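Notes for the structure review
Here are the chains, one letter per residue:
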Amino acid sequence: FTQSVESIAAYAQATLELLPTVDLTLGGRWTRDDKQGQFTQLVNTPFAATLRAAENTPLDFTDDRFTWRASLNWNPSDDVMVFANYSTGYKSGGFNSGGGTPALGQRRLFANETVENYELGAKTSWMGGQFTLNATAFRMDIAGFQDRSFDGLSFVVRNAGNLRQQGVEMDAAIRPSRNFAFTAALAYLDSEFTDYQGASGLPGVGGTRNITGTPNAFSPKWQGSVGFRWNGDVGSTGWSWTLSPSVSFISDHYQGINDANPQNIQDGYATVQARFAISGPDDRWTVSVFGSNLTNQTYCQSRFYQTLGAALGLNNGVFAGSGAVRCQVAEPRSFGVNGTVRF
């Protein structure tokens, strides 16, 4: 597979002061992509013919798009900023470079993906900066969502349909003293395919499946973290120390390809991590000890179906739609030491 790309873009942005406390930012970008490619595959053995098909396909793709953004910021006081953003986005189309059987031919092409994004939020500071609270409500409407699907032998990127991602993000920090800070973050996500009628079929079933109304993979409804940072001096040596433990959590979510298979649901989990550091005068050097996944939580980072699962007899013949699912296990409890010198 060979590919050449020529991409041309022009961008401009300006900020206007509408009032002493109100700014309006406007920006625009025009992009043009020209792509040419060639996929050539030879099949030299009968065994290879069961996995891949001979193919010689020239590929060509040209597209252009204008995207823009508008952002309104209001500062009613020095400690509060309220903002509203609207922006559009564009991801170029392209070519699938993997082998397949039967030959993919011009089905190797996939079109562009576009998005409309809305945001409304506030950034605030209280009690002279001892307490900060930020919150943002957002919505993304994605058209032509470029999704990676599995056909039983290979993964193919294609335009799935429309996806809506909306929710709220919040983060806060409390600093009761110069040497201590408590932080927390929380995100709620409502993910839904508003149109996806051609998703990958389940193992042993094949074909396509309508998963409209289901969430996108790797889109948990809840996730967040809590932690603190505590620091102090080591006598009068000029040295300092910092302790920063935290807990991160994530709720149930689909992993792997988008086919709404219950086998691909990862149960929610939490992980604990911590870091202790010693720094020299003026932070010229730092030595730290850190640990991750301290509770040794076992979970999957991603899931994927066993290649040739049907040929190997791994699909369930009684409960159609179930098969061999492989799990990429996350790292177990880990410790490390890190050193930094600044000069």
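Residues numbered from 1 in each chain as written. Predicted model: local features only at pLDDT ≥ 70, side-chain atom pairs only at ≥ 80, totals over all residues. Heavy atoms only, no water.

Quick word on the overall build of the chain
- Helices and strands together make up the secondary structure of the chain, namely one helix and 24 strands.
- For 343 residues, the compact-globule formula gives about 20 Å, and the C-alpha radius of gyration of the chain, at 26 Å, lies well above that figure.
- Overall, the chain is about 75 × 50 × 45 Å in size when its C-alpha atoms are taken along their principal axes.
- The contacts in the chain between residues at least 6 apart in sequence include a share of 61% that link residues at least 24 apart.
- As displayed, the chain offers around 19200 Å² of accessible surface, 57% of which is attributable to carbon and sulfur atoms. (Helix = DSSP H or I, 4+ residues; strand = E, 2+ residues; numbered from the N terminus. Rg over C-alpha atoms; globule rule 2.2 N^0.38 Å. Contact = heavy atoms within 4.5 Å. Areas by Shrake-Rupley, 256 points an atom, 1.4 Å probe, with all protein chains shown as cover.)

As for the nonpolar core
- Formed by Val 115, Ile 142, Phe 145, Ala 160, Leu 163, Phe 193, Tyr 196, Ala 199, Ile 211, Ala 217, Tyr 254 and Ala 260, the largest nonpolar core amounts to twelve residues.
- The contact partners of Ala 160, leaving out residues within four places of it in the chain, are Phe 145, Asp 147, Asp 195 and Tyr 196. (Core = buried A, V, L, I, M, F, W, Y, C linked by side-chain atoms within 4.5 Å. Buried < 20%, exposed > 50% of the residue type's maximum accessible area, 1.4 Å probe, protein only.)

Digging into the packing of aromatic side chains
- All told, the structure shown has ten aromatic pairs when counted by the stated rule.
- When the ring of Tyr 269 is compared with that of Tyr 299, the centres are 3.8 Å apart and the planes differ by 15 degrees; the resulting orientation is stacked. Of the two residues, Tyr 269 is situated in strand 20 (residues 269-279) and Tyr 299 in the loop between strand 21 (285-292) and strand 22 (300-305); the sequence distance between them amounts to 30 residues.
- Take Tyr 269: its relative accessible area is 18%, and that puts it in the buried class. (Phe/Tyr/Trp six-rings, centres within 6.5 Å; stacked < 30°, edge-to-face > 60°.)

Let's talk about the pattern of salt bridges
- Evaluated as defined, the whole model comprises six salt bridges.
- With a shortest N-O distance of 3.1 Å, Asp 141 and Arg 139 are connected by a salt bridge.
- Among the residues examined, Asp 141 registers a relative accessible area of 23% and is labelled partly exposed.
- A salt bridge links Arg 164 to Asp 190; the nearest nitrogen and oxygen atoms lie 2.8 Å apart. Taken together, the positions of Arg 164 in strand 11 (residues 162-177) and Asp 190 in strand 12 (residues 180-195) put the pair 26 residues apart, joining distant regions of the chain. (Salt bridge = Lys/Arg side-chain N within 4 Å of Asp/Glu carboxyl O.)

Some remarks on a nonpolar patch on the surface
- On the surface, a cluster of nonpolar side chains totalling about 490 Å² of accessible area is made up of Val 168, Met 170, Leu 186, Tyr 188, Trp 222 and Phe 249.
- Among the elements of the structure, strand 11 and strand 12 are those that each provide at least two residues to the nonpolar patch.
- Relative to the helices and strands, Met 170 is located in strand 11. (Patch = residues over 30% accessible without salt bridge, like charges linked within 9 Å, V, L, I, M, F, W, Y side chains within 5 Å.)

Description of the environment of Ile 142
- Mapped onto the secondary structure, Ile 142 falls in strand 8 (residues 131-143).
- The class for Ile 142 is buried, based on a relative accessible area of 8%.
- Distance in space between the C-alpha atoms of Ile 142 and Phe 304 is 24 Å, their sequence separation being 162 residues.
- Discounting chain neighbours no more than four positions away, the residues touching Ile 142 are Glu 113, Thr 114, Val 115, Gly 161, Asn 162 and Leu 163.

Quick look at the side chain of Asn 73
- Tracing the backbone shows Asn 73 in strand 3 (residues 55-77).
- Setting aside residues up to four positions removed in sequence, Asn 73 forms contacts with Thr 21, Val 22, Asp 23, Met 81, Val 82 and Phe 83.

A look at the environment of Arg 65
- As for its placement among the helices and strands, Arg 65 is situated in strand 3.
- For Arg 65 and Gly 89, which are 24 residues apart along the polypeptide, the C-alpha to C-alpha distance reads 9.1 Å.
- Not counting the four nearest positions on each side in its chain, Arg 65 is found in contact with Arg 29, Trp 30, Thr 31, Tyr 90, Asn 112 and Thr 114.

With respect to the state of the cysteines
- In this structure the tally under the stated criterion is one disulfide.
- The disulfide partner of Cys 300 is Cys 327, and the S-S distance across this bridge is 2.0 Å. Sign of the S-S torsion, about -115 degrees for the bond between Cys 300 and Cys 327, identifies this disulfide as left-handed. Residue Cys 300 is found in strand 22, and its partner Cys 327 is found in strand 23 (residues 325-329); the two are separated by 27 residues along the sequence.
- Note on Cys 300: relative accessible area 7%, which makes it buried. (Disulfide = S-S within 2.5 Å.)

Re the side chain of Arg 303
- If you trace the backbone, Arg 303 turns up in strand 22.
- Within the local environment of Arg 303, its side chain forms a polar contact with the backbone oxygen of Gln 263, the two atoms lying 3.5 Å apart.
- A polar contact is formed between the side chain of Arg 303 and the side chain of Gln 266, at a distance of 3.1 Å.
- Contacts of Arg 303, omitting those with residues within four sequence positions, involve Gln 255, Gly 256, Gln 263, Asn 264, Ile 265, Gln 266, Val 325 and Arg 326. (Polar contact = N/O pair within 3.5 Å; in protein donor to acceptor, adjacent residues only side chain to side chain.)

Section: the pairing of strand 4 (residues 80-91)
- As paired elements, strand 3 and strand 4 share seven bridges and run antiparallel to each other. Each residue of the ladder has a partner; that of Trp 74, found in strand 4, is Val 82.
- Connecting strand 3 to the antiparallel partner strand 4 that follows it, the hairpin turn spans two residues.
- As paired strands, strand 4 and strand 7 (residues 113-126) are joined by twelve bridges and run antiparallel to one another. Considered in strand 7, the bridge of Thr 88 is made with Glu 116. (Pairing = 2+ DSSP bridges.)

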